[in-house]
Every structure is written in structure tokens, then in C-alpha cells.
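Residue-level structure breakdown
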Amino acid sequence: MKALRFAFLIAPTIACLGTAAAASLPPPGAASCSGCHGVHEPASSAIPRIYGRDANEIVSVMTAFRDGSRPSTVMSRIAKGFSDDELRPIAAWLASQK
């Protein structure tokens, strides 16, 4: 009985910790952002801060870079390497980073 009680108390805790750890892992492709966009980018930087920004905004801007409606020599090339299905988890992860 004691083991069963232990399992009911510990198993959900372990499951929550595993989910939290998985949620904090960057999705594939997110590392390409951190090469230029630092976590603690100063407001005066020419490279804008993207960590903690709205996920929909990030997807919108990346889509604009990809389709050329927002020209940029560097970002246009990077954005063309990502599909919508790849951009959404990257944007969600970036938005969750504070």
C-alpha cells in the first residue's frame, strides 16, 4: 500500500518535470537564431531582441522575410530554409524565453 501511495504521489511529479524539461528544449532550427540574436540583447542593438516576443509576430516577420515582402540579405536566406511547420515551434519556443 505504501508503494502504491508513493507511485501516485511521485509519478505525476516526474511526469510534470519531464514535460517542463521538454518544453524548455529548443526545437530543431532554433539554434540558427541564437547566432545573431542574443538572449540579453540591449535595446540599442541593431539586431532586434526576439526572445520573449509574440510567437505570431515572429512567424509573420519570418514569413515576410521568406516571401521577400520584407527584404533582408541575411534573414531572407535564413527564412527560406524553414517551412511553416518548422517556424511555428521555433517561434513558440522563442516567445516562451524571457
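**Describing the overall build of the chain**
Along its length, the chain carries 5 helices and 0 strands. Put simply, of all contacts in the chain between residues at least 6 apart along the chain, 54% involve residues at least 24 apart. Carbon and sulfur atoms provide 66% of the accessible area of the chain, an area that totals close to 6700 Å².

**Looking at the layout of surface pockets**
The calculated volume of the largest pocket comes to roughly 350 Å³. Around the largest pocket sit 19 residues that line it, and His37, Ile50, Val61, Phe65 and Met75 are the ones nearest its centre. Of all the secondary-structure elements, those providing two or more residues to the lining of the largest pocket are α2 (31–34), α3 (55–67), α4 (73–79) and α5 (84–96). When residues of the lining of the largest pocket are assigned to their parent elements, the largest contribution, 5 residues, is made by α3. For the lining of the largest pocket, the class distribution of residues is 14 nonpolar, 2 polar and 3 charged.

Cut-offs and rules
- Residues numbered from 1 in each chain as written.
- Predicted model: local features only at pLDDT ≥ 70, side-chain atom pairs only at ≥ 80, totals over all residues.
- Heavy atoms only, no water.
- Helix = DSSP H or I, 4+ residues; strand = E, 2+ residues; numbered from the N terminus.
- Contact = heavy atoms within 4.5 Å.
- Areas by Shrake-Rupley, 256 points an atom, 1.4 Å probe, with all protein chains shown as cover.
- 1 Å grid on protein atoms, 1.4 Å probe; cavity = no way out; pocket = protein on both sides within 12 Å on 5 of 7 lines; lining within 4 Å.
- Points joined across faces, edges and corners; volume = space filled by probe spheres on them.
- Nonpolar A, V, L, I, M, F, W, Y, C, P; charged D, E, K, R; others polar.

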